[in-house]
Amino acid sequence: ALIDGIRGTKDFRTGTWQGYWNEDVNATVDLGNEKEVSQVSVNFLEDQRSWIFYPTEVICLASNDNLNFEPIGNYKIDASKASEEVTIKTLEFKQDRKKFRYIKIIAKKMGVLPEWHLGYEHDGRSWIFIDEITINN
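Residues numbered from 1 in each chain as written. Predicted model: local features only at pLDDT ≥ 70, side-chain atom pairs only at ≥ 80, totals over all residues. Heavy atoms only, no water.

Visitor: Would you mind showing me how to read the overall build of the chain here?
Guide: If you tally the helices and strands in the chain, you get zero helices and six strands. Secondary structure of the chain in N-to-C order comes out as β-β-β-β-β-β. In terms of overall dimensions, the chain is globule-like: its C-alpha atoms have a radius of gyration of 15 Å, near the 14 Å expected for 137 residues. With respect to the three principal axes, the spread of C-alpha positions in the chain is 50 × 25 × 20 Å. Across the 137 residues in the chain, those meeting the buried criterion constitute 42%. Considering only contacts within the chain whose residues lie at least 6 apart along the sequence, 77% involve residues at least 24 apart. Each charge class in the chain was averaged separately, 17 positive and 22 negative side chains, and the resulting centres sit 4 Å apart. (Helix = DSSP H or I, 4+ residues; strand = E, 2+ residues; numbered from the N terminus. Rg over C-alpha atoms; globule rule 2.2 N^0.38 Å. Buried < 20%, exposed > 50% of the residue type's maximum accessible area, 1.4 Å probe, protein only. Contact = heavy atoms within 4.5 Å. Lys, Arg positive; Asp, Glu negative; His and termini not counted. Charge placed at Lys NZ, Arg CZ, Asp CG, Glu CD.)

Visitor: How should I be thinking about the environment of glutamate 85 in this particular structure?
Guide: Inspection of the secondary structure puts glutamate 85 in the loop between β4 (70–76) and β5 (87–108). With a relative accessible area of 55%, glutamate 85 lands in the exposed category. When the C-alpha atoms of glutamate 85 and lysine 10 are compared, they prove to be 9.8 Å apart, with 75 residues separating the residues in sequence.

Visitor: What am I meant to see in the sheet that holds strand β1 (residues 18–21) here?
Guide: The strands making up a sheet are joined through hydrogen bonds of the backbone, oriented either antiparallel or parallel. Taken in spatial order, the six strands line up as β1-β6-β2-β5-β3-β4 in an open sheet, and their pairing is antiparallel. If you trace the sheet from one side to the other, it starts and ends with β1 and β4, each paired once. Averaged over all pairs of adjacent strands, the angle between strand axes in this sheet comes to 25°, irrespective of strand direction. Of the pairings in the sheet, the one linking strand β3 (residues 57–63) to β4 comprises six bridges and is antiparallel in character. By the bridge assignment for β4, leucine 61 is matched with proline 71. (Pairing = 2+ DSSP bridges. Axes fitted to C-alpha atoms, helices over the stretch in contact; angles between N-to-C directions.)

Visitor: Explain the nonpolar core here, please?
Guide: A general trend in soluble globular proteins is that nonpolar side chains are found buried together. By size, the foremost hydrophobic cluster in this structure holds 25 residues, and its most contacted members are Val42, Phe44, Val58, Phe93, Ile103 and Ile105. Ranked by residues supplied to this core, first place goes to strand β2 (residues 25–46) with eight residues. Look past the residues within four positions of isoleucine 105 in its chain and what remains in contact with it is Val25, Asn26, Ala27, Val40, Val42, Val58, Ile59, Cys60, Phe93, Ile130 and Ile133. By size, the runner-up hydrophobic cluster in this structure holds five residues, among which are Leu45, Ile52, Val86 and Phe129. (Core = buried A, V, L, I, M, F, W, Y, C linked by side-chain atoms within 4.5 Å.)

Visitor: I keep staring at the side chain of serine 126 and nothing clicks. Help me out?
Guide: In this structure, serine 126 sits in the loop between β5 and β6 (127–136). Using a relative accessible area of 1% as the deciding quantity, one classes serine 126 as buried. Residues contacting serine 126, with those up to four places away along its chain left out, are Tyr20, Trp21, Asn22, Trp51, Phe53, Met110, Gly111 and Leu113.

In structure tokens, the structure reads:
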């Protein structure tokens, strides 16, 4: 579902998002063989009322053997700011064209909800909702 070409909407109930409760996302895409890669993008949903927060860090890595990965880029996100809005964030990782077979996305969880969040009093943990991983040459 992370590479099916169907983009999630602001309604997480549609079934197009992959939800991860209180755990990091570690997704590897196998391109089948080495292909030129110049950009990787990935979408995340934030709906704090539903305990869905952006990850605190997103790392993009690439490899040809699925063992030795080299970094393409990373983003650090302050996911703890209060927001009533439901938003989708697209992160793009760009590089000079290079051939890779495997692309890995690691998204780090927030874990315990911030003190200002209603769920904090209930030992609440955050969700990460990730959608489409797009790889362009």
